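The residues making up each chain are set out below.
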Amino acid sequence: MALKRGLSGVQRIRGGGGGSRSVLVLLVFFCVFAPLVFFVGRGVYIDSSKDYSNASVKQNLDWRERLAMQSVRSLFSKEVLDVITTSTADLGPFSLDSFKKNNLSASWRGDSEDQTTLDVKSNITNAKRDSTSEDDSHQKVETPAKFYRRQLREKRREMRATELVQHNDDTILKLENAAIERSKSVDSAVLGKYSIWRRENENDNSDSNVRLMRDQVIMARVYSGIAKLKNKNDLLQELQARIKDSQRVLGESTSDSDLPRSAHDKLRAMGQVLGKAKTELYDCKLVTGKLRAMLQTADEQVRSLKKQSTFLAQLAAKTIPNAIHCLSMRLTIDYYLLSPEKRKFPRSENLENPNLYHYALFSDNVLAASVVVNSTIMNAKDPSKHVFHLVTDKLNFGAMNMWFLLNPPGKATIHVENVDEFKWLNSSYCPVLRQLESATMREYYFKADHPTSGSSNLKYRNPKYLSMLNHLRFYLPDLYPKLNKILFLDDDIIVQKDMTPLWEVNLNGKVNGAVETCGASFHRFDKYLNFSNPHIARNFNPNACGWAYGMNMFDLKEWKKRDITGIYHKWQNMNENRTLWKLGTLPPGLITFYGLTHPLNKAWHVLGLGYNPSVDKKDIENAAVVHYNGNMKPWLELAMSKYRPYWTKYIKFDHPYLRRCNLHE
């Protein structure tokens, strides 16, 4: 209607006079068509570029724009609207969008807005603020896709960390296994040092001057041999003199700090002589041949020294130290000075009580046996229920009795017996005793010129293989006929926890409860038995897992039912010529208890402290029993120092007998 009134006014003015026609046209254009172009272009542009049904777009439109757009759409065709839209889109900084973004649109509206306009503006501003806060909240909420991707990334990181940890564990395990394999060759290689684990033997020739001087001596010997061949007597004498000087300076030095001050002068003088010898005598073939001959000679010397060191190591490992021998002698003398009434132990009624916890310990070492008993009692919850059955030989019978009479194990019961007083244990009943008494067996173990003597045979020369104490473990029901269960302990172990729960372990009808020792390829049956023998090959699996003596729970009822001692006698008779196994009690034990051994948890029994330098400290501390199996027993000087404190803490070194025999930590 406003448009029609405007047009009729124009017609009246046109009719009135033509002078002011141009002024009227301009007035109409700026007052009517220019705002329409802006409003229509704005509305059409938004309508064409975005979805007009969107609520946020509607709220952003000014109320005047919406009224103008609704009025003008009915007046113009679609083609005209498209032209207007295109033209307003090209206005650039003069477009309505640019004005609104820069808050310049107020200059087009003026300050004369009524209250309705102000209300509309406030509503629009609030709507914009609400929509903005909603957008921010939507951006803060994580989408399912992003959440899933984040979870995948976290899982990948965890998997990678696990792989790295596993790789690290595998590397440590390989290093430990390599250390164990190296330690196995100690007996036949480097034990001439008496103890390769001592700090002073960790790295010989660690300093450069000592190494250089030794290398100079080697080359001087090479050139002296060549000088002798070529009749260079003056040079030969000079080389020999320098060799003697260098050897005197070296002496027993293993580091530069041990060398005297004159060492640098000797090095310089030897270097000058060697330079002169190289100029006059150097011949590649002669030098190579001489070095090869020296290498062969050195290799033969090393082999000879290895045999000597192996023999000495075995000798050191199997002999009783002087201090312990002194202790045994003093105790024996004092025991036989006692009256018979004072030689008896209390609580003898507990010896055959099957409801108590019984231990079997066979030993000829007083100090070692005392550590086993003390460690067991100190870690027992109720010592009064523990009974110890000690068996020793006639040489140590008095000493063993005297020690425990002087140092009774608290409320526990203890009893000491002499193996030589077991009249039923004779050669007619026991095949191994008959074999041990034979001349051929003694020759096999001890004769030095035996065809098999050498580094491999030295370990056979061990008194324990000829001692019946070592084989007494196969006669437990004969020794203790009224007991149902008994725990067998070696004398080179210590007990670190209460052992009573072991009696509650269900052996599932088996006779022997033991910790298995087999690894990837070692401690299996083929390492102990001769599978080229048809008797062995037919009856046993070469890959069967071995187990350890040292801490074994024996069910004596099942033992009698299955006639374990009879099985042992059968195989021992078959091995009279040592064709099934060579030595010891473990091979016949593996045979006798084959299929009759229940595997115990490894935490009950940790082995290797007598030969393996890489036993995990946590395994040692968590173990119920720690075993010093191997040559490096804790009472010997060649014991590994890092394992010895576990053993010595159960010894009272201020005891009068120990002080008199010079026994100390």
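Everything quoted here is computed from the prediction, not taken from an experiment. (Residues numbered from 1 in each chain as written. Predicted model: local features only at pLDDT ≥ 70, side-chain atom pairs only at ≥ 80, totals over all residues. Heavy atoms only, no water.)

**Q** Kindly report on the overall build of the chain, identifying the contributing residues and their values.
**A** Helices and strands together make up the secondary structure of the chain, namely 27 helices and 10 strands. Counting over 665 residues, the chain shows a buried share of 40%. The contacts of the chain with a sequence gap of at least 6 include a subset with a gap of at least 24, amounting to 75%. (Helix = DSSP H or I, 4+ residues; strand = E, 2+ residues; numbered from the N terminus. Buried < 20%, exposed > 50% of the residue type's maximum accessible area, 1.4 Å probe, protein only. Contact = heavy atoms within 4.5 Å.)

**Q** I'd love a proper account of unusual backbone geometry, names of residues and values included.
**A** The phi torsion at N231 lies on the positive side, around 60°, for a residue other than glycine. Secondary-structure assignment places N231 in the loop between α10 (208-229) and α11 (233-250).

**Q** Break down the packing of aromatic side chains for me, with residues and values.
**A** Inspection of every chain in the model, using the stated rule, returns 24 aromatic pairs. Ring geometry for Y357 and W503: centres 5.0 Å apart, planes at 65°, overall edge-to-face. Of this pair, Y357 sits in strand β1 (residues 357-362) while W503 sits in the loop between β5 (493-495) and β6 (512-514), and the two are 146 residues apart along the sequence. The exposure classification of Y357 matches that of W503, with both residues buried. Plain terms: the ring middles of Y359 and F388 are 4.8 Å apart, the flat faces sit at 15° to each other, and that makes the pair stacked. Here F388 lies in strand β2 (residues 386-392) and Y359 lies in strand β1, a separation of 29 residues in the sequence. The residue whose ring lies beneath R660 is Y657, and the NZ or CZ to ring-centre distance is 4.8 Å. (Phe/Tyr/Trp six-rings, centres within 6.5 Å; stacked < 30°, edge-to-face > 60°. Lys NZ or Arg CZ within 6 Å of the ring centre and 35° of its normal.)

**Q** Outline the packing of α10 against helix α13 (residues 284-318), supporting the account with residue identities and numerical values.
**A** Interhelical geometry of α10 versus α13 gives an angle of 120° and a closest axis separation of 10 Å. Between α10 and α13, the interaxial angle falls into the category oblique. Where α10 crosses over α13, the two elements pack in a sense that is right-handed. Across from I218, R221, V222, Y223, G225 and I226 in α10, the residues of α13 making contact are L286, V287, K290, L291 and M294. Taken together, the residues that form the contact of α10 with α13 break down as 8 nonpolar, 1 polar and 2 charged. (Axes fitted to C-alpha atoms, helices over the stretch in contact; angles between N-to-C directions. Parallel < 35°, antiparallel > 145°, perpendicular 65-115°, else oblique. Left-handed = near helix turned anticlockwise from the far one by under 90°. Nonpolar A, V, L, I, M, F, W, Y, C, P; charged D, E, K, R; others polar.)

**Q** How would you explain the confidence of the model for the chain if you had to name every residue and give the values?
**A** Overall, the predicted model of the chain reaches an average pLDDT of 77, with 69% of residues at or above 70. Within the model, the stretch residues 44-61 combines pLDDT values under 50 with 26 contacts to residues more than four positions away or in other chains. (pLDDT = per-residue confidence, 0-100.)

**Q** Mind laying out the side chain of Q572, listing which residues take part and the relevant values?
**A** Along the chain, Q572 turns up in helix α23 (residues 564-574). Q572 sits in the buried class, given a relative accessible area of 5%. In this view, Q572 contacts P431, V432, Q435, W581 and P588; residues no more than four positions away in its chain are not counted.

**Q** Pulling in residues and values, what's your account of a nonpolar patch on the surface?
**A** A cluster of nonpolar side chains, contributed by F311, L312 and L315, occupies part of the molecular surface with about 280 Å² of accessible area. The topology assignment puts L315 in helix α13. (Patch = residues over 30% accessible without salt bridge, like charges linked within 9 Å, V, L, I, M, F, W, Y side chains within 5 Å. Areas by Shrake-Rupley, 256 points an atom, 1.4 Å probe, with all protein chains shown as cover. Salt bridge = Lys/Arg side-chain N within 4 Å of Asp/Glu carboxyl O.)

**Q** Go over the pattern of salt bridges, please, and point to the residues and values.
**A** If you walk through the whole model with that rule in mind, you get 11 salt bridges. Across the pair E154 and R150 runs a salt bridge whose closest N-O atoms are separated by 3.0 Å. With E154 and R150 both in helix α9 (residues 144-184) and 4 residues apart, this pair spans about one turn of that helix. What makes E154 partly exposed here is its relative accessible area of 31%. Look at R150 and you get partly exposed, because its relative accessible area is 29%. Between R303 and D299 there is a salt bridge, with its nearest N and O atoms 3.4 Å apart. One end of the pair, R303, and the other, D299, are both in helix α13, 4 residues apart, so they sit about a helical turn from each other. Judged by relative accessible area, R303 falls into the exposed class, the value being 56%. With a relative accessible area of 36%, D299 lands in the partly exposed category.

**Q** Break down the side chain of N365 for me, citing the residues and quoting the values.
**A** Tracing the sequence through the fold places N365 in the loop between β1 and α15 (366-378). Look at N365 and you get buried, because its relative accessible area is 2%. In contact with N365, other than residues within four places in its own chain, are I320, I324, M400, D491 and W635.

**Q** Run through the environment of M551, naming residues and quoting values.
**A** Along the polypeptide, M551 turns up in strand β7 (residues 551-555). Under the relative-accessibility criterion, M551 is labelled buried at 0%. Those residues in contact with M551 that sit more than four places away from it in its chain are L487, F488, L489, M499, L502, G513, L600, W604, H605 and V625.

**Q** I'd like a description of the pairing of β1, backed by residues and values.
**A** Counting buried residues in β1 gives 6 out of 6 residues, a clear majority hidden from the surface. Both faces of β1 are covered, namely the face carrying Y357, Y359 and L361 and the face carrying H358, A360 and F362. Sheet topology places β1 next to β2; 6 bridges connect them, and they run parallel. Residue H358 lies in a different strand from β2, and its bridge partner there is V387. With α15 bridging β1 and the parallel β2, this β-α-β connection has right-handed handedness. Two strands pair when backbone bridges link them, and β1 and strand β4 (residues 485-489) are joined in this way by 3 bridges, in the parallel orientation. Bridge pairing in β4 places A360 opposite F488. (Pairing = 2+ DSSP bridges. Right-handed = clockwise from strand over helix to strand, strands pointing away.)

**Q** With reference to specific residues and values, describe a positive patch on the surface.
**A** The grouping of K146, R149, R153, R156 and R157 at the surface amounts to a positive patch. Along the polypeptide, R153 turns up in helix α9. (Lys, Arg positive; Asp, Glu negative; His and termini not counted. Charge placed at Lys NZ, Arg CZ, Asp CG, Glu CD.)

**Q** Quick one: what's the story with the pairing of β7, residue by residue and with numbers?
**A** With 5 of 5 residues buried, β7 is to be regarded as a mostly interior element. Note that β4 and β7 share 5 bridges and pair antiparallel. When the sheet's bridge partners are listed, I486 is paired in β7 with F554. When β6 meets β7, the two strands line up antiparallel, connected through 2 bridges. For G513, the partnering residue across the bridge sits in β7 and is M553.

**Q** Outline the nonpolar core, supporting the account with residue identities and numerical values.
**A** One finds L327, L390, L487, M499, L502 and M551 to be the most contacted residues of the largest nonpolar core, which totals 68 residues. Of the residues forming this core, the biggest block, 8 residues, is contributed by α15. Apart from residues lying up to four places away in sequence, L487 is in contact with H358, Y359, A360, M499, L502, W503, M551, N552 and M553. (Core = buried A, V, L, I, M, F, W, Y, C linked by side-chain atoms within 4.5 Å.)

**Q** Just give me the short version of the packing of α10 against helix α12 (residues 263-281), but keep the residues and values in it.
**A** Contact geometry of α10 with α12 gives a least axis separation of 10 Å together with a crossing angle of 35°. With respect to the hand of their crossing, α10 and α12 are arranged in left-handed fashion. The residues of α12 that touch α10, namely those facing N209, L212, M213, Q216, M219, A220, Y223, I226 and A227, are A263, H264, L267, M270, G271, L274, A277, K278 and L281.

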